[in-house]
Amino acid sequence: MTMMKTLMIATTTALMATSAMAADIFVVGGKPDDPFWSRVKMGAEDAGKVAEAQGGSVTWLGPQNYDNLGPDAAELIRQAIDQGADAIVGPNWVPEAMDSAFEAVVAAGIPLVIYNAGGIEAADRLGALNYVGAVDYKSGYAGGEYLAKAGHTNGACVNTLPGAANIEAFCSGFNDGLAENGGTGSVLQLPATAFGDSTAVAQAVRAHLLQNPDITAMFAIGDQDSNATISGIQQAGKTGSVHVCGMNFNDSILANIKAGTQACAIDQQGYQQGFFAVSILNNHVMYGTTIPTREILTGPGVIDASNVDLVIAGVEAGAR
Amino acid sequence: MENFAVLLRRPAAASIVSLIGVLVFYVFAGVELDKLFGAASWVNYAARIGIVALPVGLLMISGEIDISIGAMIPAGAMTTAIISGHYDLPIVFGILGALAIGVLVGSINGILAVRTSVPPLIITLATLVAMQGVVLAGSRLLTGSASVPLNAPDWAKTIFGNLMFGGSHQVIIVWWVILAVIFWFFMHHTKYGNWIYAIGGDKESARNAGIPVNGMTILLYIMTATAASFVGMCHSILFNSAQVSGGMNDIFNIIVSVVVGGVLLTGGFGSVAGIFVGALTFAIVNKGIDFTAIDRNWSNLIIGIMLLLAVGMNEKFRKLALSHVSKKK
């Protein structure tokens, strides 16, 4: 009971500190217990420390689950308007379901920043101040460029989700990244049933490498696939001669990069998305400033042996 | 005073007291009530779970349970979107299709429940999982995608999926209130309501008394599945899209809101007014947390504690009501 009381007192005082002359910023995002979104939330809250020092606040609104993603997020955006937000940050995950909610934000005269999904096209269409996030094509491109510059010019992108637009964008970016740096790229198409099946991915990579001995670079579209691809390279007896870059990372991938079995990982840097979206809005509400640079890219961030130790420190702090 | 005591012993009283308790807690946690009452999010949410909670509550009073509702909400949404969005057929077909799939799955649940001795939890678990499979496979097969856009004509939007008063209140709230009145009349002012209580109290005695137990049970299963697909249909029209999803959370949220509304998990006790207030309470617990300054990381803990307290309060009131002995006049 005493704990409850302390909690109540703490929250009421926190609320009383909020004055009318400051920015109350509402951030709509994923579940707070989702590893990626917990980093975005931390970035938003770290930027929110400035808002709080000025008497403002940052409030995180996330859905309970991802079953009903578009409508739930649209509801949260409308809820933020009802709660009297001075500024709103939100991802445009499902445009059909969410556009009208974003339009209501703009119609209410509330400054809006789109982040994480939707791109600058969504920000322009909806009348948002800016877009903060990564672009799938450029993430793939960064992987191709990195490997080609390291001298591994013949590459293949392992596509375990054929047809998904963002995955196609990774692979075409990767191939362009290789091609524009003096290499050639191809796509290893796997049936959709292979997605998430590490054994199937590893077997396919092994067979592909044995059939195409010239390939020295590979790109994986997710952290699980990265590990599976490395295992396939190992089974083909090509460890050390075929180099891998992959999207996203986890502890084992960081260990692989440190050990040299994976060349690089491409990160969209969620912390930056929360941090910059909130700062842009806070400064805009407080001082009327704008960021004329349209499309603030938070990714691709390349993680390789040169910066892996810093990334590990960032993971321990909860920011990466 | 005596009138007040009588009021307190009504089945819905406990749920109203829990609702007040929840509001008091939130006021202490820093919620400004005018902002909360002005906001649409929790009313929309209450209507979404409340429409399904009404028939689920009656089903639970009759001693059965239906968890396939979790798959039926997305099934209704996807049926509408595939028929009228992907194949561009008139929205009437999409609406009828969604309701038809509700009637179909409800009938399967009901017939299996009365014809076999398999517990309803297991039967509807099987249809839950099966429907998740049907919806995902069907959607990928027919449209090649797991999410389908839909553009409903204006009249359909006005009736099923619109925002009212130029704000964010969804028209589904009106449906919820109308359905609640219909269910209240059905349950408390017709013989069918008494049948349901009798079935929940003792199925064999009810059968011996001449109540068509099997027919009533099948009808209740049809109502739960159809209410769920109706909610899904309204959502797809409002949000111009539908996506394949598991809907696991809806199951728990709807059943918990029914229990918060004073319905016994073992059947035989509960009321439509209680179920209505239960959905309202659950929605305020769930969405009210966003109106406090409490860190979101704690929200599930606080929701859990408040639900436990609300259900505990119900238990206490029910005992009070059932053990009460009126003074001889």
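Residues numbered from 1 in each chain as written. Chains lettered and ligands numbered in written order. Predicted model: local features only at pLDDT ≥ 70, side-chain atom pairs only at ≥ 80, totals over all residues.

The name an unreviewed UniProt entry gives chain B is Xylose transport system permease protein XylH, with Thalassococcus halodurans as the organism. We quote the UniProt Function (unreviewed entry) comment for chain B here in full: "Part of the binding-protein-dependent transport system for D-xylose. Probably responsible for the translocation of the substrate across the membrane." (UniProt positions renumbered as here; feature names shortened; annotations may be inferred.)

As annotated in an unreviewed UniProt entry, chain A carries the name Simple sugar transport system substrate-binding protein and is attributed to Thalassococcus halodurans. If you open the UniProt record of chain A and go to Sequence similarities (unreviewed entry), you find "Belongs to the bacterial solute-binding protein 2 family."

(A) A look at the overall build of chain A. Looking only at helices and strands, one finds 12 helices and 12 strands in chain A. Taken over the C-alpha trace, chain A has a radius of gyration of 22 Å; the compact-globule value for 320 residues is 20 Å, and the two agree within 12%. In terms of overall dimensions, chain A has C-alpha extents of about 65 × 45 × 35 Å along its principal axes. Burial analysis of chain A (320 residues in total) assigns 50% to the buried set. Taking as baseline every contact in chain A between residues at least 6 positions apart, the subset at least 24 positions apart corresponds to 73%. (Helix = DSSP H or I, 4+ residues; strand = E, 2+ residues; numbered from the N terminus. Rg over C-alpha atoms; globule rule 2.2 N^0.38 Å. Buried ≥ 20, exposed ≤ 12 C-beta atoms within 10 Å, placed from the backbone. Contact = placed C-beta atoms within 7 Å.)

(B) Summary view of the overall build of chain B. Counting its secondary structure elements, chain B contains 15 helices and four strands. The globule rule puts the C-alpha radius of gyration for 329 residues at 20 Å, and the 20 Å found for chain B is close to it. Dimensions along the principal axes, computed over C-alpha positions, put chain B at roughly 70 × 55 × 35 Å. Burial statistics for chain B: of 329 residues in total, 53% are counted as buried.

(C) Quick look at the packing of helix α4 (residues 41-61) of chain B against helix α9 (residues 172-188) of chain B. Residue and element names in this part refer to chain B. Close contact between α4 and α9 brings their axes to 9 Å; oriented N to C, the two are set at 25 degrees. When the interaxial angle is binned, α4 and α9 end up roughly parallel. Read as a crossing pair, α4 and α9 show a hand that is left-handed. Counting all contacts with α4, which are made through Val-43, Asn-44, Ala-47, Arg-48, Gly-50, Ile-51, Leu-54 and Leu-58, the residues of α9 involved are Ile-172, Ile-173, Trp-175, Trp-176, Leu-179, Ala-180, Phe-183 and Met-187. Among the residues making up the contact of α4 with α9, the classes are represented as 13 nonpolar, two polar and one charged. (Axes fitted to C-alpha atoms, helices over the stretch in contact; angles between N-to-C directions. Parallel < 35°, antiparallel > 145°, perpendicular 65-115°, else oblique. Left-handed = near helix turned anticlockwise from the far one by under 90°. Nonpolar A, V, L, I, M, F, W, Y, C, P; charged D, E, K, R; others polar.)

(D) Main features of the pairing of strand β10 (residues 264-267) of chain A. Residue and element names in this part refer to chain A. Going residue by residue along β10, you find Cys-264 and Ile-266 tucked away on one face and Ala-265 and Asp-267 tucked away on the opposite face as well. Across three bridges, the pairing between strand β9 (residues 243-247) and β10 is parallel. Each residue of the ladder has a partner; that of Cys-245, found in β10, is Cys-264. Following the backbone out of β9, through helix α10 (residues 251-259) and into the adjacent parallel β10, one traces a crossover that is right-handed. (Pairing = 2+ DSSP bridges. Right-handed = clockwise from strand over helix to strand, strands pointing away.)

(E) Quick peek at the confidence of the model for chain B. Residue and element names in this part refer to chain B. When pLDDT is averaged along chain B, the result is 88; 94% of the residues meet or exceed 70. Ranking the helices and strands of chain B by mean pLDDT puts helix α6 (residues 91-115) first, with 96, and helix α1 (residues 2-8) last, with 65. For this predicted complex, the interface score ipTM comes out at 0.76, alongside a pTM of 0.79. (pLDDT = per-residue confidence, 0-100.)

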